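An overview of the molecular structure
Now for the letters of each chain:
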Amino acid sequence: MDLKKVEDPRSGDVSPYTPFTKFCLNSLPSLSNFSIRAEEAEVIIKEEEKDDETNIPCGCSRTKCLKLYCDCFSNNRYCMNCHCKNCKNKPEFEELRDRAKISTIERNPAAFRQDISPTYKACHCKRSGCKKKYCECYEANRACTANCKCEGCKNLPVG
DNA sequence: GAGTTTGAAACT
DNA sequence: CAGTTTCAAACTC
């Protein structure tokens, strides 16, 4: 799927992001902690082009697929062939989607950032022993680390 | 397929 | 921050 290109009527620049979005990205104080600006954010936040075969369909029903609960949204993918309801994670809702993305980054500056190692992630499991896919460490095929706050962990490093 | 359990994400 | 609620998926039956 090709990115929708938007021409800025003032500068004539052509970009996959609207001037509004660029403004918001440049204005985000939380992003400054990571020393990125709109040009970099555009690269980081650009859509991954995935075909229908590789797209794992979601089944969201209450979040319009605009929260990190949605696996498509959290992986920076448009929903394709999903069975979600009231989905706004589609190119035709670009501005609403961009706003949601910005709100998400404000809450969690690491969101959508594939360049930040996921190993910092720590689980907080209590009942799964970190041996079921409820546990993000287990799901990612990683042993839990000292950073995890899990209880009764059975997902320990070998040795 | 319906109902339950789970823990990340969101919210207060 | 911590505690609570919401959420969608994992899981169970």
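Just so you know, the residues in each chain are numbered from 1, in the order the chain's sequence is written. Chains and ligands are labelled by the order in which they are written, letters from A for the one and numbers from 1 for the other. Under the rules for a predicted model, residues below a pLDDT of 70 receive no local features and side-chain atom pairs below 80 are neither given nor counted, while totals for whole chains, interfaces and linings still include all residues. To get the side-chain values, all heavy atoms of the structure are used, and hydrogens and water are removed first.

Take the overall build of chain A next. From N to C terminus, chain A includes 6 helices and 2 strands. For chain A, the succession of helices and strands along the chain, N to C, is β-β-α-α-α-α-α-α. Type-normalised accessible area, obtained with a 1.4 Å probe on protein chains alone, sets the label of each residue: buried when under 20%, exposed when over 50%, and partly exposed for intermediate values. Relative to its 159 residues, chain A shows a buried fraction of 40%. The contact definition used throughout considers only heavy atoms, calling two residues in contact when any of these lie within 4.5 Å. When contacts within chain A are restricted to residue pairs at least 6 apart in sequence, those whose partners lie at least 24 apart make up 49%. Counting from the N terminus, the helices are the DSSP runs of H or I reaching at least four residues and the strands are the DSSP runs of E reaching at least two.

By definition, a salt bridge exists where a carboxyl oxygen of Asp or Glu is found within 4 Å of a side-chain nitrogen of Lys or Arg. Using the criterion set out here, one finds 3 salt bridges in the structure. For Arg 99, the salt bridge identified is with Glu 95, shortest N-O distance 3.8 Å. Of this pair, Arg 99 and Glu 95 both sit in helix H5 (residues 94-107), 4 residues apart, which is roughly one turn of that helix. Since its relative accessible area comes to 38%, Glu 95 is described here as partly exposed. One salt bridge connects Glu 139 with Lys 133, and the closest N-O pair in it is separated by 3.9 Å.

To continue, consider the protein's contact with DNA strand B. All residues adjacent to DNA strand B are Lys 67, Leu 68, Tyr 69, Arg 107, Cys 123, His 124, Cys 125, Lys 126, Arg 127, Ser 128, Tyr 134 and Glu 136. Neighbouring residues are identified by heavy atoms, a residue being near a molecule or strand if any of them is within 4 Å of it. Counting only the atoms of DNA strand B that lie within 4 Å of the protein, the sugar and phosphate share comes to 85%. Two N or O atoms count as a polar contact when they lie within 3.5 Å, although within protein this holds only if one can serve as hydrogen donor and the other as acceptor, and sequence-adjacent residues are included solely when both atoms are side-chain atoms. Measuring from a phosphate oxygen of DNA strand B, one finds a backbone N or O atom of Leu 68 at 3.1 Å. A distance of 3.1 Å separates a phosphate oxygen of DNA strand B from a polar atom in the backbone of His 124. Note on residue categories: nonpolar means Ala, Val, Leu, Ile, Met, Phe, Trp, Tyr, Cys or Pro, charged means Asp, Glu, Lys or Arg, and polar means any other residue, Gly included. A breakdown of the residues in the surface near DNA strand B according to their chemical character gives 5 nonpolar, 2 polar and 5 charged.

What follows deals with the protein's contact with DNA strand C. Taken together, Cys 58, Gly 59, Cys 60, Ser 61, Arg 62, Thr 63, Tyr 69, Lys 132, Lys 133 and Tyr 134 make up the full set of residues near DNA strand C. The share of sugar and phosphate among atoms of DNA strand C within 4 Å of the protein is 89%. Residues that form the surface near DNA strand C fall into these classes: 4 nonpolar, 3 polar and 3 charged.

We now examine the nonpolar core. Here, the term nonpolar core denotes a set of buried Ala, Val, Leu, Ile, Met, Phe, Trp, Tyr and Cys residues that are joined through side-chain atoms within 4.5 Å. With 14 residues, the main nonpolar core has Cys 58, Cys 60, Cys 65, Cys 70, Phe 73, Cys 79 and Cys 84 as its most contacted residues. Elements with a contribution of two residues or more to this core: helix H4 (71-74) and H5. In this structure, Phe 73 is in contact with Cys 65, Leu 66, Lys 67, Leu 68, Asn 89, Arg 97, Ala 100, Lys 101, Thr 104 and Phe 112, ignoring residues within four places of it in sequence. Counting residues in hydrophobic clusters, the runner-up holds 9 residues, among them Cys 125, Cys 135, Cys 137 and Cys 144.

With that settled, consider the environment of Glu 106. Mapped onto the elements, Glu 106 comes out in helix H5. When the C-alpha atoms of Glu 106 and Lys 90 are compared, they prove to be 21 Å apart, with 16 residues separating the residues in sequence.

The next point concerns the domain arrangement of chain A. Assigned domains of chain A: these are domain 1 (57-109) and domain 2 (120-158). Segmentation into domains, and thus their bounds, comes from an automatic or database assignment. Distance between the C-alpha centres of domain 1 and domain 2: 26 Å.

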